[in-house]
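Structure assessment
The primary structure of each chain is shown beneath.
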There are 2 protein chains.
Amino acid sequence: MNQSPLQKARYQYSPKLPGMLRNGISEICVKEGNATQSVADQEKIAALFPNTYGEKEITFEKGENTSAAKKQVVGVILSGGQAPGGHNVICGLYDALKATSKENVLYGFKNGPIGLLEDNYVEFDDAYIDAYRNTGGFDIIGSGRTKLETEEQFAVAAKVCEKHGITAIVIIGGDDSNTNAAVLAEYFAAHNTGVQVIGCPKTIDGDLKNEDIECSFGFDTATKTYSELIGNIERDANSAKKYWHFVKVMGRSASHVALECALETQPNICLISEEVAAKKQSLSEIADYIADAVEKRSANGNNFGVAIIPEGVVEFVPEFKVLIAEINELLAGNKTEEFNALGSWEEKYAFIEKGLTAESMAVFAILPQTIQQQLFLERDPHGNVQVSLIESEKLFSALVKDKLTERGFTGKFNALHHFFGYEGRCAFPSNFDADYCYSLGYNAFMLIQYGYNGYLSKVSNLSKPAEEWVAGGMPITKMMNIERRNGEDKPVIKKALVELDGKPFKFFEANRDTWAVETAYTYPGAIQYYGPTEVCDLTTRTLALEKGE
Amino acid sequence: MNQSPLQKARYQYSPKLPGMLRNGISEICVKEGNATQSVADQEKIAALFPNTYGEKEITFEKGENTSAAKKQVVGVILSGGQAPGGHNVICGLYDALKATSKENVLYGFKNGPIGLLEDNYVEFDDAYIDAYRNTGGFDIIGSGRTKLETEEQFAVAAKVCEKHGITAIVIIGGDDSNTNAAVLAEYFAAHNTGVQVIGCPKTIDGDLKNEDIECSFGFDTATKTYSELIGNIERDANSAKKYWHFVKVMGRSASHVALECALETQPNICLISEEVAAKKQSLSEIADYIADAVEKRSANGNNFGVAIIPEGVVEFVPEFKVLIAEINELLAGNKTEEFNALGSWEEKYAFIEKGLTAESMAVFAILPQTIQQQLFLERDPHGNVQVSLIESEKLFSALVKDKLTERGFTGKFNALHHFFGYEGRCAFPSNFDADYCYSLGYNAFMLIQYGYNGYLSKVSNLSKPAEEWVAGGMPITKMMNIERRNGEDKPVIKKALVELDGKPFKFFEANRDTWAVETAYTYPGAIQYYGPTEVCDLTTRTLALEKGE
């Protein structure tokens, strides 16, 4: 029983394409729009991309296919963390490629960008592809985090492409991977390789979006999976009436995932990292904010609640950022050895007390001991604190407990902790993600066939039924600005953080005081693939609110 | 948007009753079977239940309803941990009660058995009930863990029943709650109160089953929810190819939940507590067993895997049980104060080393420090180690890491940890649990109406379509034996552990060596409520295997 009943059933699902792509390959024509400019730093970016800058936005329409007949040999790469729907991007790409000509070939480079550099690949055929239709995961070819960013790598990539007669590379990745896709596209153009590069916007974190990209794929399914679990936990909290659940959710720096889960489940508390940064909140202020809700609910007889904590929040607390920087400094070089040679935690603590500024020591002192030890004992190969490993769900519940003790709180406060991340990255894609991803891949091939290079596959109008979606492409350079990274000016796609004047946050802000005190939980339940449209096909609340729906 | 789209859609679902209950109340007659005997200790149990022992097993059939017309006033109680479907038991009970006579009344006692003692209740009407149909959770009236077991409590309960003219109490609970239901039934009979007691078998742990009860409700939905998540994690592991995931699952002492999840997802490793006990395995042996799989997989280039750890496993490791007993002894009485007065962990460690036997100290010494500290720092109000709080998923991954280091393992071993429990107890019930629970409640009322007391609502033939299910009742005393509890002989329903010669375990045993080395993962995906029958209506692999399917 290697295939579950659902997996077998999902093989039968036909992903929905945008209306304009439904008439067959011969009926897809291009409409070119205006020439584009990068969102900022136009001169610098134009200078960095002399061969690919300023290209036109394009959309596809129903009409005679005027692309030149040419055998296409395409290589596809999955880059970075898993996101539901990645398989469908490849399926859509394969279907469009084969529908155009049976002679066309699709290679999959294995285990991420490194597969291209090592010439490690598979050639897809129908049987191979069919086993992965509408399934989760990136196991079709594996993924990896190698970055394609150096001239040496590009030269190797060009050789591998030449060896196989590859005409185009499709990179399925997040903001960094697509930034690198643009640089690779420029390299290929500058060196007259004739190889095109097309990107597809992937990440469950939801931080690859802008005026052109309405959302990255995988965000819908991942947040629905986390919301299912948070809703179940809310219902448990409201049944047992004796626990506060602190739930950390993945999402890296941005709080899109936490915010979407909050909109779906209406918990008592949801921290938003971007707000913490904007208001320069301290750990103590955040703990006070949560403790207020605990006290108010307790006064109403409700000694239970649910709080959502975004993965990256501690890095947005200014005083905590300073503390981390000081700790990294304190242990730099051979000072780590000195520290490790100290026997007991008491001796280590004295060493820390001596080494930190009074301000940072004050922050350090209020942390629970397990977190204090985590900061010093689990460091990355460069000796730096691994902020992503900090159990911030336990940190905040401990701080809240201390606050309540300080305040003389006489109610009950028992906390339980959860972290959801890996649970949602490889779920079977929702109908939305299955459709969106298939369309992105199908569309990516049409961009290749029409000769575009350095474009992101773009499907928009996503809050509407798929019939009304708009397919096209956008030069990646259009989304770029210059940012300082590791001491260098780099052209990058701007990472989208939660906008505090955006509609999703505003809606949350307008309701959270009520949700904090009342029990206004919403229980989304498991993702449904069959059944009523309103249950199966709606995408995120974030997108609906952004679209003013 | 307090109601999610799925919740609204689930209100429309009509739970399926067993065929024999589908013809309307007037067409349900009783067929009495043989008089029953308890499964063991017949004389002792007969002596303890003079008024309710030895009653007949009964089944319902299609035929003229011959029950006496009588106004029924029923009180229902949710007891213990949440399990998906509890709301539907109440809905089924309500519907049968009102279909019999509009004059009948259903009360819900709030927050568990304490609601009966404190006379804290709601009276159900259509609007109230309709808001909870086919939903998860116990929030309809709340649940609680107060036990109804003393004569004083029974006397209070009798008074509350008399005050409201209550004719029957329905207790929805696990093995202990149903044991108490039987004792209460006997009390009511002995005191001629005229109040009947009916139990319903609830628990996600799956440990309330026997030759009469095929499974407890909630087990299906909870294990499907955990299996969804484990499958997603497996797919992530198989995509990223760099982590070993250690997943602890709820289930208390028994490993039914872990085993069912393993049958659904085919992980590399699943520990079964009952086997650990039978083979008297040591922590070191278990770690060796897992490390073997890590090494074999690594030799094949697979530095990733998934291991399922049942919640209760450490208590089944003989040497660990001894260690815990010694620790409890070591800290008994005022020795806790002495221990706490010691300053550093090093001093505490010396105290421990002096206090434990050499054998237990050897076990203690191999534990990771966080677990060592957990054992001494987090104790229950009686000063005992809180075994359920031990992060055994982290314990085993740490032990495996040590083993690999010892062995000079040169591959990669990076572990991630998960604990699933609260995520599944309040999910929307699967179609199976929605149907089964509604039938249990409907059936419970028919037992009341026909005058039975001290019975468990029984629905069987559950691996078949609902049409073929068999509805009836079984005297609770039939399932009892005498066990030693807290130094006293007590009549109790025997807790069902995983049988090592049972078909589910045998199937697992026959396949696990293959699963350990190969990547034979199965991805069940989210529970589906709509769509193909084979996706939506199948119950557990455990039941299918037990039934020889």
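The structure presented is a predicted model; accordingly, all values stated were derived computationally and were not measured.

Let's talk about the interface of chain B and chain A
- The partner chain A presents 67 residues to the 67 residues of chain B that form the contact.
- In total, chain B and chain A occlude about 4900 Å² of area from one another, counting both sides; carbon and sulfur atoms represent 52% of this.
- Our enumeration of links across chain B and chain A arrives at 6 salt bridges.
- Here Arg 425 of chain B ties to Asp 236 of chain A by a salt bridge, and the two come within 2.7 Å at their closest N and O atoms.

Describing helix α17 (residues 392-407) of chain B
Residue and element names in this part refer to chain B.
- For α17, built from 16 residues, the straight-helix expectation of 22 Å at 1.5 Å per residue is met to within 8% by its first-to-last C-alpha distance of 22 Å.
- Buried residues of α17: Ser 392, Glu 393, Leu 395, Phe 396, Ser 397, Leu 399, Val 400, Lys 403 and Leu 404, and no others.
- Each element contacted by the buried residues of α17 is listed here: β8 (244-249), α11 (283-299), β10 (305-310), α15 (358-366), α16 (369-377) and β11 (415-420).

A short note on the environment of Thr 514 of chain B
- You can see Thr 514 of chain B is positioned in helix α19 (residues 503-517).
- For the pair Thr 514 of chain B and Asn 268 of chain B, spaced 246 residues apart in the sequence, the C-alpha separation amounts to 8.3 Å.

Side note on the sheet that holds strand β7 (residues 196-201) of chain B
All names here are of chain B.
- Pairing is mixed across the open sheet formed by 9 strands, whose spatial order is β1-β2-β13-β12-β7-β6-β3-β4-β5. Pairing within the sheet leaves two strands with one partner each, and these edge strands are β1 (28-35) and β5 (121-123). Averaged over all neighbouring strand pairs, the angle between strand axes comes to 25°, with direction disregarded.

Notes on helix α11 (residues 283-299) of chain A
Residue and element names in this part refer to chain A.
- Over its 17 residues, α11 runs 24 Å from end to end, which matches the ideal 24 Å to within 8%, given 1.5 Å per residue.
- Within α11 the residues assigned to the buried category are Leu 283, Ile 286, Ala 287, Ile 290, Ala 291, Ala 293, Val 294, Arg 297 and Ser 298. The buried residues of α11 occupy an angular sector of 155° when projected down its axis, which confines them to one face.
- Looking at the residues trailing α11, positive phi occurs at Gly 301, about 85°.

Focus: the relation of the copies chain B and chain A
- Once chain B is rotated about the relating axis by 180° and shifted along it by 0.0 Å, it coincides with chain A to within an RMSD of 0.0 Å. Here the symmetry operator amounts to a two-fold rotation axis.
- The fraction of interface residues of chain B whose copies in chain A are also interface residues reaches 100%, indicating that both copies meet through the same surface.

What to know about the UniProt feature "site: Important for catalytic activity" (unreviewed entry) in chain A
All names here are of chain A.
- Within the UniProt annotation, "site: Important for catalytic activity" (unreviewed entry) is assigned to Lys 202.
- Here Lys 202 lies in the loop between β7 (196-201) and α8 (219-240).
- For Lys 202, the contacting residues outside a window of four places in its chain are Ser 79, Gly 80, Gly 81, Ala 83, Phe 138, Ile 172, Gly 173, Gly 174, Leu 208, Ser 216 and Phe 217.
- Here the side chain of Lys 202 touches Ser 79 through a polar contact of 2.7 Å, landing on its backbone oxygen.

Here we look at the side chain of His 164 of chain A
- Among the structural elements, His 164 of chain A can be located in helix α6 (residues 151-164).
- On the basis of relative accessibility, which here comes to 14%, the residue His 164 of chain A falls in the buried class.

Considering the sheet that holds strand β9 (residues 269-270) of chain B
Residue and element names in this part refer to chain B.
- Pairing is parallel in the open sheet, where 4 strands are placed in the order β9-β10-β8-β11. Looking at strand neighbours, the two that pair on one side only are β9 and β11, the edges of this open sheet.
- Of the pairings in the sheet, the one linking β9 to β10 comprises 2 bridges and is parallel in character. Residue pairing in the sheet places Cys 270 in a bridge with Ile 308 of β10.
- Along the sheet face, helix α9 (residues 256-265) touches β8, β9 and β10 and points at about 155° away from the line of β10.

Observations concerning the pairing of strand β12 (residues 455-460) of chain A
Residues and elements named next belong to chain A.
- With 6 of its 6 residues buried, β12 lies for the most part within the structure.
- What you see with β12 is no split at all: Tyr 455, Ser 457 and Val 459 on one side and Leu 456, Lys 458 and Ser 460 on the other are buried throughout.
- In the sheet, β7 pairs with β12 via 2 bridges, with the strands oriented parallel. In the sheet register, Ile 198 faces β12, and the bridge partner there is Tyr 455.
- Inspection of the sheet shows β12 paired to strand β13 (residues 470-475) by 6 bridges, in the antiparallel sense. Within β13, the residue paired with Lys 458 across the bridge is Gly 472.

A few points about the pattern of salt bridges
- The full count for this structure, using the stated rule, is 67 salt bridges over all chains.
- Across the salt bridge formed by Asp 130 of chain B and Arg 133 of chain B, the nearest N and O atoms sit 2.8 Å from each other.
- Residue Asp 130 of chain B is classed as partly exposed on the basis of its relative accessible area of 37%.
- The class of Arg 133 of chain B is buried, set by a relative accessible area of 18%.
- Between Lys 495 of chain B and Asp 175 of chain B there is a salt bridge; the shortest N-O distance is 3.1 Å. With a gap of 320 residues between them, Lys 495 of chain B in the loop between β15 (488-493) and α19 and Asp 175 of chain B in helix α7 (residues 175-190) connect regions that are remote in the sequence.
- According to the relative accessible area criterion, Asp 175 of chain B is buried, its value standing at 7%.
- The network of salt bridges with shared partners includes Glu 57, Glu 211, Asp 212, Lys 458 and Lys 478 of chain A.

Criteria and cut-off values
Residues numbered from 1 in each chain as written. Chains lettered and ligands numbered in written order. Predicted model: local features only at pLDDT ≥ 70, side-chain atom pairs only at ≥ 80, totals over all residues. Heavy atoms only, no water. Contact = heavy atoms within 4.5 Å. Buried area = accessible area lost by both parts, 1.4 Å probe. Salt bridge = Lys/Arg side-chain N within 4 Å of Asp/Glu carboxyl O. Helix = DSSP H or I, 4+ residues; strand = E, 2+ residues; numbered from the N terminus. Expected span 1.5 Å × (residues − 1). Buried < 20%, exposed > 50% of the residue type's maximum accessible area, 1.4 Å probe, protein only. Pairing = 2+ DSSP bridges. Axes fitted to C-alpha atoms, helices over the stretch in contact; angles between N-to-C directions. Arc of directions from axis to C-beta. Least-squares fit on C-alpha atoms with pLDDT ≥ 70 in both. UniProt positions renumbered as here; feature names shortened; annotations may be inferred. Polar contact = N/O pair within 3.5 Å; in protein donor to acceptor, adjacent residues only side chain to side chain.

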